[in-house]
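# Structural features, examined
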Amino acid sequence: MTEPSRIAVIMSTFAEQPEWLRASIESILMQTLRDLRFYIVLDNPDNHEVNAIVQAYADQDERIVVLANESNQGLTRSLNRAIETSEEPYIARMDADDIAQPNRLRKELHFLQDNQLDLVASGADVISDGGLVAGRKLPTMFTGALSEIEGFTNVMFHPTWLARREVYEVLGGYREISSCEDYDFILRAFQHGFKLGRMADMLLAYRFAENGISSSSWIIQEKNARFLKDCYRKGRNIGDIPVTEINDVSAGSSEEDSLGYSFAKRSYDGLFAAVGSRKIPTALVIFARGMLGSRVFRQKMADALRERVMIPKICKRYEGEALHE
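Here the structure is a predicted model, which means the values were calculated and not measured.

### Concerning the packing of helix H11 (residues 280-293) against helix H12 (residues 295-317)
Two numbers describe how H11 lies on H12: the axes approach to 6 Å, and their chain directions differ by 115°. As for how H11 packs across H12, the hand of that crossing is left-handed. When H11 is examined against H12, the residues Phe 287, Gly 290, Met 291, Leu 292 and Gly 293 are found in contact with a partner set consisting of Arg 295, Phe 297, Arg 298 and Met 301.

Printed below as a string of structure tokens:
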């Protein structure tokens, strides 16, 4: 029997633009760490173009394992299928439209092993309509600092994760939390006692497309994430909260609520795109309109300000945090 590859990279495809998908797949195949197996789930049987692209790469590189869903299953079930199919001791996440730096997996694996961690993430730059934009640089952080920071914002960027298989096995994989399966997973990992770290290195280019996520999905993501944050800060065991209780938080939004979130999302996306394109006057106009016209937008900006203030303070408090306990 062939010895399992060291890292399983898991990805799910649905309706990505062909050139973005190709760039994403090639960024994994060109990793300096070659000992990997790439599990790609085809989650849209009707998207023949995307499926053909993936199959063509699989025909050329035996490290690719193609898993075709008979019907659309969604991201959570697709990722869990890839995890259950794989057998490698480490599992890395990758999105089908992002680009990994060539040394991403090698650096993450060394960081995880050298510091005796269970799951690591890294920083990420952003690909916007205006080109590559430098992401926010944060210092290297470990469990103590991260467990506090995750109570008000998620800095463990999902497409950059590399984890020991044990983490997924113990936590039972991803739960079907609408648009928040990654945040739910991270909070459960902290509460279970796993050791996590975040590298300062920017090892991924994350593709941001204005209006890339629908307003309805954004509403669900925002509401579910806020509920999880509140529960985590209050000391509730996230794993004990039924999935239905979390998803009910964002179910059945009123028309007024939906319109408010839709306006906030357009303003937030527009502001991000304008800043990324260095259109500062446009960004200022969007910011002013958003602050005047949306409670949700004001809340997002307040959250962003809090992050700017709190993260450095927490990092300072945990300076010199012991890596090996």
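Next comes the rest of the account.
### Regarding unusual backbone geometry
Of note, Gln 116 is a non-glycine position whose phi angle comes to about 55°, a positive value. Relative to the elements of secondary structure, Gln 116 occurs in the loop between helix H4 (104-114) and strand S6 (119-128). Residue classification places Gln 116 among the partly exposed positions, given a relative accessible area of 46%. At Ser 179, a residue that is not glycine, the phi angle is positive and equals roughly 60°. Mapped onto the fold, Ser 179 is located in the loop between helix H6 (165-171) and helix H7 (181-192).

### Quick word on the environment of Lys 223
As for its placement among the helices and strands, Lys 223 is situated in helix H8 (residues 215-233). When its relative accessible area of 16% is taken as the criterion, Lys 223 is described as buried. Measuring from C-alpha to C-alpha, the distance between Lys 223 and Leu 109 comes to 34 Å, with 114 residues separating the pair along the chain.

### A word on the nonpolar core
If you look at the biggest cluster of nonpolar residues, it comprises 46 residues, and the most contacted ones within it are Leu 119, Ile 149, Met 156, Trp 161, Tyr 168, Phe 185 and Leu 196. The biggest single contributor to this core is H7, with 6 residues. Sequence-distant contacts of Tyr 168, defined by excluding residues within four places in its chain, comprise Ile 83, Ile 91, Arg 93, Trp 161, Ala 163, Gly 173, Tyr 174 and Phe 185. In this structure, Leu 36, Leu 42, Val 50 and Leu 162 belong to the second largest nonpolar core, which totals 35 residues.

### So, the packing of aromatic side chains
Within this structure, the stated rule accounts for 8 aromatic pairs. Ring geometry for Phe 111 against Phe 142: centres 5.7 Å apart, planes inclined by 20°, an arrangement best described as stacked. A residue pair is termed long-range when its members are at least 10 positions apart, and Phe 111 in helix H4 and Phe 142 in strand S8 (residues 141-142) qualify at 31 residues. Chaining the aromatic ring pairs together yields one cluster made of Trp 161, Tyr 168, Tyr 174 and Phe 185.

Rules of the game
Residues numbered from 1 in each chain as written. Predicted model: local features only at pLDDT ≥ 70, side-chain atom pairs only at ≥ 80, totals over all residues. Heavy atoms only, no water. Axes fitted to C-alpha atoms, helices over the stretch in contact; angles between N-to-C directions. Helix = DSSP H or I, 4+ residues; strand = E, 2+ residues; numbered from the N terminus. Left-handed = near helix turned anticlockwise from the far one by under 90°. Contact = heavy atoms within 4.5 Å. Buried < 20%, exposed > 50% of the residue type's maximum accessible area, 1.4 Å probe, protein only. Core = buried A, V, L, I, M, F, W, Y, C linked by side-chain atoms within 4.5 Å. Phe/Tyr/Trp six-rings, centres within 6.5 Å; stacked < 30°, edge-to-face > 60°.

None of this, on its own, says anything about what the molecule does.
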